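What follows is the residue order along each chain.
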Amino acid sequence: MTEKRPITVALELLGRRWALRIVWELRRDAVSFAELRGRTGISPSVLSQRLRELSEIAVLERDPARRYRLTGRGRELARLLYDLNRW
């Protein structure tokens, strides 16, 4: 079996339901799990899974107050979403 290219892995993850919405919700500030649930209506199990996946690829992290926030890589992705939104 051949190894997947990084772009393929990224597209598969970001194409999963809610992944980009989470990045969009975190674009301005750090947000708690409960706030994310309230803003999006994502089920707790799916939200937990997406947060874990996005953390694993260093798009987001938890701050000392246990809120989720974008990393530098996540902020780059959010800028791309701004461009897509303008388009």
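Computed from a predicted model, the values in this text were never measured in an experiment.

Here the focus is the pattern of salt bridges. Taken as a whole and assessed by the stated rule, the structure comprises 8 salt bridges. Salt-bridge contacts for Arg 21 lead to Glu 25; the nearest nitrogen and oxygen are separated by 2.9 Å. Within this pair, Arg 21 and its partner Glu 25 are both found in helix α2 (residues 19-25), separated by 4 residues, close to a single helical turn. Within this structure, Arg 21, Glu 25, Asp 29 and Arg 39 form a network of salt bridges that share partners.

Counting residues in hydrophobic clusters, the biggest one holds 18 residues, and the most contacted among them are Ile 22, Val 23, Leu 26, Leu 36, Leu 51, Leu 54 and Leu 60. Mapped by element, the contributors of at least two residues to this core are α1 (6-14), α2, α4 (44-56), β2 (68-70) and α5 (72-86). If we skip the residues at most four places from it in the chain, Val 23 touches Leu 54, Val 59, Leu 70, Gly 74, Leu 77, Ala 78 and Leu 81.

Secondary-structure assignment places Asp 29 in the loop between α2 and α3 (33-40). Look past the residues within four positions of Asp 29 in its chain and what remains in contact with it is Arg 39 and Tyr 68.

Take α4 next. With 13 residues, α4 ought to run about 18 Å at 1.5 Å a step, and its terminal C-alpha atoms sit 18 Å apart, in line with that. Leu 47, Arg 50, Leu 51, Glu 53 and Leu 54 are the residues of α4 that are buried. End-on, the buried residues of α4 take up no more than an arc of 165°, which puts them together on one face. Looking at α4, the residues exposed on the side facing more than 90 degrees away from the buried face are Ser 45 and Glu 56.

Cut-offs applied
- Residues numbered from 1 in each chain as written.
- Predicted model: local features only at pLDDT ≥ 70, side-chain atom pairs only at ≥ 80, totals over all residues.
- Heavy atoms only, no water.
- Salt bridge = Lys/Arg side-chain N within 4 Å of Asp/Glu carboxyl O.
- Helix = DSSP H or I, 4+ residues; strand = E, 2+ residues; numbered from the N terminus.
- Core = buried A, V, L, I, M, F, W, Y, C linked by side-chain atoms within 4.5 Å.
- Buried < 20%, exposed > 50% of the residue type's maximum accessible area, 1.4 Å probe, protein only.
- Contact = heavy atoms within 4.5 Å.
- Expected span 1.5 Å × (residues − 1).
- Arc of directions from axis to C-beta.

By themselves, these are just geometric observations and shouldn't be taken as functional.
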